[in-house]
Each structure stands twice: as structure tokens, then as C-alpha cells.
Amino acid sequence: MYYSCRYIIILVVIGCYLMGCSDTIPQPALLHIEAALVSTDQNFQGSNSHNVQTAWVYVNDNPIGVYEIPNVIPVLTEGLTKITVRAGVMNNGISETRTAYPFYSPYVHEVFLNPLETTNLVPAFYYKENTNFKMIADFEVSNAFEENGNESALLNVVTNNDLVFEGNRCLGVKLDNVYNTFDIITLDQYNLPGGLQESYVEMNYKCSGDFQVLLKGLDNTNTGFLVPMLWVSTKPNWHKIYIELTEAVAQLQNENIGYFQIVIRGELTENQSEGEYYWDNIKLLSIEQ
């Protein structure tokens with residue numbers, strides 16, 4: 001549930017009236033969360049691009065709500081106050097499944113609050129120290145993907161500055177009447193933790209058609225098992241998505257699967273004669289306990 005400043009203030013007023021304290025309505029301090037930042041060591045953690053859209057806010061370690069960014073948040077606390085903000089993302093790109101992203105450390109800051117005064121915050125988030133970067137594919141030096149079969153469109157490392165998200169290169173596929181499908185897979189296989197230890201794929205992308213992301217597991221005989229993760233919708237402009245693999249990894253590990261690959265597939269629809277798909281900054285992450 002997402003809250004507006006006006007909605008909460010109304011609730012406070014009504015609550016005080018019902019409790020017989022209408023003569024002493026508390027005046028909240030105001031937190032203005034202007035934006036969110038993500039900072040990375042790009043040599044070891046890759047791009048700092050993000051899609052943090054909500055703030056999970058705690059005051060003196062007590063949760064007060066989840067808010068869209070930017071927002072003004074009323075806080076019924078005075079004096080020196082500990083503010084904690086966790087970075088909220090759309091899990092699997094779905095607005096109804098927003099979550100606090102498990103790989104970003106909370107932003108913690110002490111501020112002095114006064115009633116009706118506004119304090120501006122721009123929380124900066126960092127990857128947690130126990131984040132394991134299994135793969136960082138920015139395509140600047142090499143390509144981490146290959147064709148998965150002989151019938152799909154050819155991959156291209158794109159160098160056109162008008163198409164690249166950042167840096168000098170990205171990954172691209174073009175479909176037409178000759179090559180109307182693509183099916184690509186990571187070159188390497190990756191070991192991922194099971195149980196409740198989170199695993200995610202992050203990616204920047206833009207595309208003129210939908211594409212599917214799948215997780216492929218391999219057992220000790222190199223037999224592959226595919227789990228569809230989700231369909232990613234058309235985006236004409238660059239977008240960032242966070243795809244959770246945790247449950248799929250646990251499911252495959254129950255079948256004695258030890259290693260994993262990321263598969264991306266797409267095809268033209270009946271109404272399309274061509275299609276373009278581009279990706280950048282694909283990361284495979286896990287939390288190591």
C-alpha cells in the first residue's frame with residue numbers, strides 16, 4: 001500500500017478527534033525524499049543504473065510506510081531521529097509485487113526534526129558486501145551470450161551510439177522475415193545458492209516486441225531443465241528490470257540441479273514484419289551467507 005502525505009495527515013486528525021485530543025493535534029515534521037541514487041564500484045559491480053521507485057521508510061527502526069519517490073512524508077517525531085530507507089523496486093517488473101531490493105544496503109541517516117519543517121533527503125544505496133556478482137555483462141569487451149540453436153537470428157554487439165544505453169556497446173538482435181525468432185543463452189554456467197538465499201537478474205533493455213526470460217538448470221549428466229521466469233513487455237525506451245530467480249533455483253535444486261544459465265527468447269508476432277531488441281548491463285546476482 002502506498003501513502004500520500006495528505007492521506008496520512010487526515011488520518012492523524014481523525015484519530016486525535018476520536019480519542020478526544022482535538023485541542024492538541026500533533027504537528028508532523030516533513031521528510032521530502034527527492035530522488036534515489038545507487039553508487040557502485042564499476043570495476044567490480046558494474047553499472048550504477050537503477051529503477052528504484054519506492055522508499056520503505058523507518059523512523060527510529062519503526063516502519064511507517066512505503067512511498068513513491070519523490071514524496072513528502074509526515075513524521076510524528078521531534079528532535080534527533082534515525083531515518084532508515086530501503087530501496088523499493090518492482091519485482092519482475094510487476095507493480096503489484098513491489099519489494100525492498102535485497103541487494104541494496106539500507107540508507108541510514110540521523111536528522112533533527114521539527115514540527116512542520118521539511119528535511120530533504122536523497123538516499124544513496126550501495127550493493128551489500130555479501131552480494132556475489134556471478135555475471136556482469138556490459139558487452140564493452142566481450143559477449144556473455146551465444147545463440148541457442150541454429151534457427152534463431154544472429155546476435156550482434158551493437159556500437160551505434162544512438163542505440164547503446166551507456167558506454168560504447170550493447171547486445172542486439174534484429175528480426176525480419178528471414179530470421180523471425182531468437183533464442184540466446186549465457187556462454188557460462190553458474191552455481192547459485194538455494195533455499196531462501198536470493199538470486200536475481202538485473203538488466204537494462206529496450207525492445208519493439210515482447211521477449212521471454214528463462215532459467216536453465218543442468219544436472220551432473222549435462223541434461224538441461226528449463227523454467228520460464230516471465231515475459232518482458234515491449235519498451236521503446238531503455239528500461240531497467242529486476243527478475244527474481246530464488247524460487248526457480250530452489251525448485252531445480254530439488255531435482256539435483258547444480259548449475260544454471262540464463263536464456264532469452266523472442267519472436268515476431270503475426271502483425272510484425274521486423275523487430276529490434278537491445279540489452280545492456282545484464283547482471284546475475286546472489287546473496288552469499
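Fair warning: this is a prediction, and the values are worked out from it, not measured in the lab. Here the residue numbering is sequential within each chain, running from 1 through the sequence in written order. Only residues with pLDDT of at least 70 are given local features in this predicted model, and only at 80 or more are side-chain atom pairs given and counted; all residues enter the totals for whole chains, interfaces and linings. Excluded from the side-chain calculation are hydrogens and water; included are all heavy atoms of the structure.

### Quick look at the nonpolar core
For our purposes a nonpolar core is just a set of buried Ala, Val, Leu, Ile, Met, Phe, Trp, Tyr and Cys residues, chained together by side-chain atoms within 4.5 Å. Residue exposure (1.4 Å probe, protein chains only): buried if accessible area is under 20% of the type maximum, exposed if over 50%, otherwise partly exposed. Phe145, Phe182, Met203, Phe211, Trp279 and Ile282 are the most contacted members of the largest nonpolar core, which has 38 residues in total. Core analysis: the next-biggest nonpolar cluster, separate from the first, contains 31 residues, Val75, Tyr107, Leu113 and Tyr127 among them.

### Focus on the pairing of strand E15 (residues 181–186)
The element E15 is extensively covered by neighbouring structure, given that five of its six residues are classed as buried. Being paired, for any two strands, means DSSP has found at least two bridges between them. Helix and strand definitions follow DSSP, with helices as H or I runs of at least four residues and strands as E runs of at least two, each counted in order from the N terminus. Judged from the three bridges that link them, strand E12 (residues 145–147) and E15 form a sheet pairing that is antiparallel. Paired with glutamate 147 across the bridge in E15 is isoleucine 184. Pairing analysis gives five bridges linking E15 to strand E20 (residues 259–267), with the strands arranged antiparallel. Within E20, the position partnered with threonine 181 by the bridge is glutamate 267.

### So, the sheet that holds strand E17 (residues 211–218)
Spatially, the five strands line up as an open sheet ordered E12-E15-E20-E17-E18, and their pairing is antiparallel. Where the open sheet ends on each side, the last strands, each with one partner, are E12 and strand E18 (224–232). Neighbour-to-neighbour, the strand axes of this sheet turn through a mean angle of 25°, independent of strand direction. Two elements, E17 and E20, share eight bridges in a ladder whose sense is antiparallel. When the bridges of E20 are listed, phenylalanine 211 appears paired with glycine 266. For helices, the axis comes from a line fit to the C-alpha atoms of the stretch in contact; other axes are also lines fit to C-alpha atoms, and the angle between any two N-to-C directions lies between 0 and 180 degrees.

### Some thoughts on the side chain of lysine 240
Mapped onto the elements of the fold, lysine 240 is located in strand E19 (residues 235–244). Given the relative accessible area of 4%, lysine 240 is considered buried. Two N or O atoms form a polar contact when they lie within 3.5 Å of each other; inside protein one atom must be a possible hydrogen donor and the other a possible acceptor, and for residues adjacent in sequence the pair counts only when both atoms belong to side chains. Among the polar contacts listed, one links the side chain of lysine 240 to the side chain of glutamate 202, at a separation of 2.8 Å. Residues count as neighbours in contact if any of their non-hydrogen atoms are within 4.5 Å of one another. Among all residues touching lysine 240, those that are not within four sequence positions of it are Ser49, His50, Asn51, Glu202, Met203 and Asn204.

### A short note on the environment of lysine 128
With respect to the helices, strands and loops of the structure, lysine 128 is situated in the loop between strand E10 (124–126) and strand E11 (131–137). Here the alpha-carbon distance between lysine 128 and lysine 235, two residues 107 residues apart in the chain, equals 29 Å.

### Some words on the packing of aromatic side chains
The geometry of an aromatic ring pair is captured by the separation of the ring centres together with the interplanar angle, meaning the angle of the planes. Ring pairs are drawn from Phe, Tyr and Trp, using the six-membered ring of Trp, whenever the two centres fall within 6.5 Å, and their geometry is named by plane angle: stacked under 30 degrees, edge-to-face over 60, tilted for the rest. The full count for this structure, using the stated rule, is 14 aromatic pairs. Ring plane angle 15° and centroid distance 6.3 Å describe the contact between tyrosine 277 and tryptophan 279, whose orientation is recorded as stacked. The exposure classification of tyrosine 277 matches that of tryptophan 279, with both residues buried. Among the aromatic residues, ring-to-ring pairing joins Tyr101, Phe103, Tyr104, Tyr127, Phe133, Tyr200 and Tyr242 into one connected group.

### Structural notes on the sheet that holds strand E9 (residues 118–121)
Strand order in the open sheet made by the three strands is E5-E1-E9, with mixed pairing throughout. Where the open sheet ends on each side, the last strands, each with one partner, are strand E5 (71–75) and E9. Averaged over neighbouring strand pairs, the angle between their axes works out to 25° when direction is ignored.

### Looking at the pairing of strand E16 (residues 199–207)
Most of E16 is tucked away, with nine of its nine residues classed as buried. Across the two faces of E16 the burial is the same, with Ser199, Val201, Met203, Tyr205 and Cys207 and Tyr200, Glu202, Asn204 and Lys206 all buried. Relative to strand E21 (residues 275–287), E16 runs antiparallel, the two sharing eight bridges. If you follow serine 199 over to E21, its bridge partner there is serine 286. For E16 and E19, the ladder comprises seven bridges, and the chain directions are antiparallel. Bridged to methionine 203 within E19 is isoleucine 241.

### Let's talk about the pattern of salt bridges
Two side chains bearing opposite charge may form a pair once their charged atoms approach each other closely. What makes a salt bridge here is a side-chain nitrogen of Lys or Arg within 4 Å of a carboxyl oxygen of Asp or Glu, nothing more. Applying the stated criterion across every chain, the model contains six salt bridges. A salt bridge links arginine 98 to glutamate 68, with the nearest nitrogen and oxygen atoms 3.4 Å apart. Of this pair, arginine 98 sits in strand E7 (residues 98–100) while glutamate 68 sits in strand E4 (residues 62–68), placing them 30 residues apart in sequence. In this structure, lysine 134 and glutamate 288 form a salt bridge, with 3.6 Å as the shortest nitrogen-oxygen distance.

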